[in-house]
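# Understanding the architecture of this molecule
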Amino acid sequence: MCGIVGMCGNSDAVPVLISGLKRLEYRGYDSAGIAVSLPDGLESRRSVGRLSNLEKRLSTKPLAAAVGIGHTRWATHGEASERNSHPHFDQENRIALVHNGIIENYQELKAPLLEQGITFQSETDTEVLVQHLAACTQDGTEFLSALCAALQDARGAYALGILNQAEPGRLYAARLGSPLIVGRGPDGVYIASDVPAILPQVDEVIYLEDGQIARLSENEVELFDLQGNPVSPEWKQVELEENAVDSAGFETFMLKEIHEQTRVLQGLLDRYVSGEQVLLPDLNLNDEALRSIDRMMIVSCGTAFYAGMYGRLLIEKFTDLPVETDLASEFRYRDPKLSANTLVLAVSQSGETADTLASIKMAKEQGCPILSICNVEGSSLVRESQHLLYTHAGPEIGVASTKAFTAQLMAFALLALHIAKLRGDMPADRSHRMICELRGIPLCIHRVLEQREHIQSIAEKHHDGPSSLYLGRRFNYPIALEGALKNKEISYQHAEGYAAGEMKHGPIALINEALPVICICTDTEDEVAEKMISNLREVQARNGRIIAIATEGDTRLDGLAGDIIFVPRSLERFSPMVNVVALQLLAYYAAHARGTDIDKPRNLAKSVTVE
Ligand code: F6R
């Protein structure tokens, strides 16, 4: 969603702001802008659409200054237009402010301002905040105190970057519920929504905590709480390498990330499996704590929700724990009867998804222990969780999740084995066998990637229809849902994922010679394979175009499927990590053939920080 960058340095900030905003493009946006502090006041440039429009604006009307803030906006309050884009100013142009998040009580704050005769230029909640902040400074209150007062009045979530005309060498920042970091390097100090945005500039960062304000000048960073009391900054060395955030010669980040999956999953096995033992160092759950748990509740959104569905099946298979899953956006409004013995497990790539965060906050209030499977260190979710399992997939820049998803699946496999062992639910020899099977998964993924051209030719044959249906059973039901989601997100072709057994209860009406039906039929243990094949026959009888994902050497689909993607043999319970790679490539090449903007699909945001 919205991205923020800011610099207070010893050279021109404008190129740094633009480069930072480009690095935040993946979060999704529909307008962009910057503001700088000049000796005679604050100035800004804003434009709708891609950053190239802002760059054009800057080439005809240049700006240069050592202190500035920049923003990419993903419209929430008010359409995507220049007047709604950030930075926003108070009526007298004394304060410029960029904001990520939502000020929930903006109407309440706006009413007295309207009564005072303030006129508003935009429909945004952000402009209300900057006008309110200006009002707090009216009686001569020092800026930091006015900012504390204004933020104490605001309800909702924010990451803010602020310029004050009266302090041209300074930049203010604040955080509550939306991510924001402060960085420092040889040429100055910075703020940004994430580390990759300012990676070339900084050596060290502070992950701002909720309720913290930062005051930056060229050589100094001071932190305060919302009462204005000083707080000691906790600097952390940046460990990310620059090549983690470039596309490494691939035509898109998504294709690069699809190809990274072999390495990411191998990395997880190397990190978390020692000999025949699963060791999860940040889990912090001992045998006793684990034994006291009598129920697990997995909450997440989108792709991470499908990972949760898979996790549930696996934990149920390996342990005696009852497990439920729910969409975070539903869970937070339910009355799910939680107790201190319910382990609530959140799954999130970004660790910033608003509904997921709200769900675990609700669960925490009810005394539940919180375990998170997350990809981003220092994220809001990580800070709210006592128990952690990092997916270590590296930065995921493509908006459609790929490597973070397979890393979540692998994390669940390791977690399920770990819990089963600690609770005494799985004999050691079975656990060893499972680990041995897991060790084979990265190679299986590699072999799917080798079939890239074959998968591309299938995608090119079927990409032009209005819709497609994805079918799977049991462990591969979440993968059917994920395959359909990938296709919708990046190719804009409607796609529906279904439990194959449900097909007869409705979607079968859709089947005709124009409908591609993608069927996952890789069950080598034959528990659901026969049933899947019966479903294929039903599709065939209605002339549907069958594209099957099948196990190498399986001849049962000959004459049944029009196109087959053969994948290496793996246990059905682990096959989702392999099968989904074929579906990611299928969606990728369908999108490629349809000419969409694969890394930045329309209307989507990478990190959904508002409800
Ligand atoms: C789909 C996708 C989204 C995310 C969802 C949750 O490709 O990326 O559906 O999975 O928005 O995001 P995180 O995992 O960051 O909580």
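Since this is a predicted model, take the numbers as computed values, not measurements. (Residues numbered from 1 in each chain as written. Predicted model: local features only at pLDDT ≥ 70, side-chain atom pairs only at ≥ 80, totals over all residues. Heavy atoms only, no water.)

## Observations concerning the sheet that holds strand β21 (residues 370-374)
Put simply, the test is: DSSP-based pairing: two strands are paired if at least 2 bridges between them are found. Secondary structure counts use DSSP, requiring at least four H or I residues in a row for a helix and at least two E residues in a row for a strand, with both numbered from the N terminus. For every element, the axis is a line fit to its C-alpha atoms; helices are fit only across the contacting stretch, and the angle between N-to-C directions ranges from 0 to 180 degrees. Working rule for contacts: check all heavy atoms of both residues, and any pair within 4.5 Å makes them a contact.
The sheet built from 5 strands is open, its strands ordered β19-β18-β20-β21-β22 with parallel pairing. This sheet does not close on itself; its edge strands, each paired only once, are β19 (323-327) and β22 (387-390). On average, each strand axis in the sheet is inclined to that of its neighbour by 20°, with strand direction left out of account. By the bridge criterion, 5 bridges tie strand β18 (residues 295-300) to strand β20 (residues 342-348) in an arrangement that is parallel. Bridge pairing links isoleucine 298 to leucine 345 in β20. Its contacts with the sheet put helix α9 (residues 302-318) on β18, β19 and β20, and the angle it makes with β19 is roughly 175°. Those strands touched by helix α11 (residues 354-365) are β18, β20 and β21, and its axis lies near 165° from that of β20.

## Focus on the sheet that holds strand β3 (residues 41-48)
As summarised here, the arrangement of the 8 strands in space is β3-β2-β4-β1-β10-β9-β11-β15, forming an open sheet in which the pairing is antiparallel. The open sheet has two edge strands with one neighbour each: β3 and β15 (236-237). Relative to strand β11 (residues 204-207), strand β9 (residues 181-185) runs antiparallel, the two sharing 4 bridges. When the bridges of β11 are listed, valine 182 appears paired with isoleucine 206. Lying over the sheet, helix α1 (residues 14-24) contacts β1 (3-9), β2 (31-38), β4 (67-73) and β10 (188-192), oriented at roughly 155° with respect to β1.

## A short note on the site of the ligand
For clarity, the cut-off: It suffices for a single heavy atom of a residue to lie within 4 Å of a molecule or strand for the residue to be listed as near it. N or O atoms closer than or at 3.5 Å make up a polar contact, with two conditions inside protein: a donor-capable atom paired with an acceptor-capable one, and, for residues adjacent in sequence, both atoms drawn from side chains. Note on areas: these come from Shrake-Rupley sampling with a 1.4 Å probe, and a residue is covered only by the protein chains present in the view. Points on a 1 Å grid over protein atoms alone make up a cavity when a 1.4 Å probe fits among them but cannot get out, and a pocket when they form an open set with protein on both sides within 12 Å along at least five of seven lines; lining residues each have an atom within 4 Å of a point. Each molecule is checked against the cavity or pocket grid, and it sits inside if more than half of its atoms lie within 2 Å of the grid points. Any residue that is not Ala, Val, Leu, Ile, Met, Phe, Trp, Tyr, Cys, Pro, Asp, Glu, Lys or Arg is counted as polar, Gly included; the first ten are nonpolar and the last four charged. Residue ranges labeled as domains rest on an automatic or database domain assignment.
Surveying the vicinity of the ligand reveals 15 residues, the closest of which are Ser348, Gln349, Ser350, Thr353 and Glu489. The contact in question runs from an oxygen atom of the ligand to an N or O atom on the side chain of threonine 353, over 2.4 Å. Taken by itself the ligand offers 400 Å² of open surface, and the protein chains cover 90% of this. The cavity that encloses the ligand is the second largest pocket. Going through the elements one at a time, α9 and α17 (477-491) are the ones with two or more residues in the shell around the ligand. Residue composition of the shell around the ligand, by class: 6 nonpolar, 7 polar and 2 charged. Two domains each put at least three residues into the shell around the ligand: domain 2 (248-439) and domain 3 (448-600).

## Focus on the pairing of strand β27 (residues 563-567)
Applicable threshold: Throughout, exposure labels follow a simple rule: accessible area from a 1.4 Å probe, protein chains only, divided by the maximum for the residue type, with under 20% read as buried, over 50% as exposed, and the rest as partly exposed.
Within β27, 4 of the 5 residues are buried, leaving the element largely enclosed by the surrounding structure. Taken together, the 5 bridges between strand β26 (residues 545-551) and β27 define a ladder with parallel strand orientation. From the neighbouring strand, alanine 548 faces β27, where its bridge partner is isoleucine 564.

## Here's the deal with helix α18 (residues 529-541)
What counts here: Expected span, for any helix, means 1.5 Å times one less than how many residues it has.
In this model, α18 (13 residues) spans 18 Å end to end at C-alpha, consistent with the 18 Å of a helix rising 1.5 Å per residue. Of the residues flanking the end of α18, it is asparagine 543, one or two places downstream, whose phi is positive at about 65°.

## Section: the packing of α17 against helix α19 (residues 576-594)
How we decide: Orientation is classified from the angle alone, with under 35 degrees giving roughly parallel, over 145 giving roughly antiparallel, 65 to 115 giving roughly perpendicular, and any other angle giving oblique. Each helix crossing is assigned a hand: it is left-handed if the near helix lies turned anticlockwise from the far helix by less than a right angle, otherwise right-handed if that turn is clockwise.
It is at 9 Å that the axes of α17 and α19 come closest, and there the two elements cross at 20°. The pairing of α17 with α19 is recorded here as roughly parallel in orientation. As α17 packs across α19, the resulting crossing turns out to be right-handed. Between α17 and α19, the contacting residues are Ile479, Glu482, Gly483, Lys486, Asn487, Ile490 and Ser491 on the first element and Pro576, Asn579, Val580, Leu583, Ala587, Tyr588, Ala590, Ala591 and Arg594 on the second. For the contact of α17 with α19, the per-class residue count stands at 9 nonpolar, 4 polar and 3 charged.

## Let's talk about the environment of alanine 149
As for its placement among the helices and strands, alanine 149 is situated in helix α5 (residues 143-153). For the pair formed by alanine 149 and leucine 133, sequence separation is 16 residues and the distance between their alpha carbons is 8.1 Å.

## Digging into the layout of surface pockets
Let me state the cut-off plainly: Grid points are joined across faces, edges and corners, and a volume is the space filled by probe spheres set on the points.
There is about 520 Å³ of room inside the second largest pocket. Elements that contribute at least two residues to the lining of the second largest pocket include exactly α9, β20 and α17. Of the domains in this structure, domain 2 (248-439) and domain 3 (448-600) are the two that each give at least three residues to the lining of the second largest pocket.

## Digging into the packing of helix α13 (residues 403-422) against helix α14 (residues 428-439)
Axis angle and axis distance: for two packed helices, these are the angle between their axes and the distance between the axes, and together they describe the pair. Two elements in contact, α13 and α14, have axes separated by 11 Å at closest approach and are oriented at 170°. On the basis of the axis angle, α13 is roughly antiparallel to α14. Relative to α14, α13 is oriented so that their crossing is left-handed. Contacts from Met410, Ala413, Leu414 and Leu417 of α13 reach α14 at Met434, Ile435 and Leu438. Looking at the contact of α13 with α14 residue by residue, the class counts come to 7 nonpolar, no polar and no charged.

## Topic: the pattern of salt bridges
Here is the rule: Take a side-chain nitrogen of Lys or Arg and a carboxyl oxygen of Asp or Glu: if they are within 4 Å of each other, that pair is a salt bridge.
Within this structure, the stated rule accounts for 36 salt bridges. Linking arginine 291 and aspartate 287 is a salt bridge whose minimum nitrogen-to-oxygen distance equals 3.8 Å. Within this pair, arginine 291 and its partner aspartate 287 are both found in helix α8 (residues 287-292), separated by 4 residues, close to a single helical turn. With relative accessibility at 33%, the residue aspartate 287 sits in the partly exposed group. Between arginine 556 and glutamate 530 there is a salt bridge whose closest N-O contact spans 3.7 Å. Of the two residues, arginine 556 sits in the loop between β26 and β27 while glutamate 530 sits in helix α18, which places them 26 residues apart along the sequence. Under the relative-accessibility criterion, glutamate 530 is labelled partly exposed at 48%. A single network of salt bridges, built from pairs that share partners, joins Lys256, Glu260, Arg263 and Lys403.

## A closer look at the domain arrangement of the protein chain
Domain parsing of the protein chain yields domain 1 (3-244), domain 2 (248-439) and domain 3 (448-600). The C-alpha centroid of domain 3 is placed 45 Å from the C-alpha centroid of domain 1.

## Quick look at the packing of aromatic side chains
Between two aromatic rings, the relevant description is the distance of the centres plus the angle of the planes. Here is the rule we go by: Under the pairing criterion, centres of Phe, Tyr and Trp rings, with the six-membered ring standing for Trp, must be within 6.5 Å; the plane angle then separates stacked pairs below 30 degrees from edge-to-face pairs above 60, leaving the rest tilted. Here, a charge over a ring means that NZ of Lys or CZ of Arg falls within 6 Å of the ring centre while also lying within 35 degrees of the ring normal.
Under the criterion given, the structure shown has 4 aromatic pairs. Between tyrosine 310 and phenylalanine 475, the ring centres sit 6.1 Å apart and the planes meet at 70°, which makes this aromatic pair edge-to-face. On the criterion of sequence distance, the pair formed by tyrosine 310 in helix α9 and phenylalanine 475 in the loop between β23 (467-472) and α17 is long-range, its members being 165 residues apart. For the pair tyrosine 588 and tyrosine 589, a centre-to-centre distance of 5.2 Å together with 85° between the ring planes defines the contact as edge-to-face. By the burial criterion, tyrosine 588 is buried, and tyrosine 589 matches it. One residue, lysine 110, lies across the ring of phenylalanine 120, its end atom 4.7 Å from the ring centre. Above the face of the tryptophan 235 ring, arginine 184 is positioned so that its terminal group lies 3.9 Å from the ring centre.

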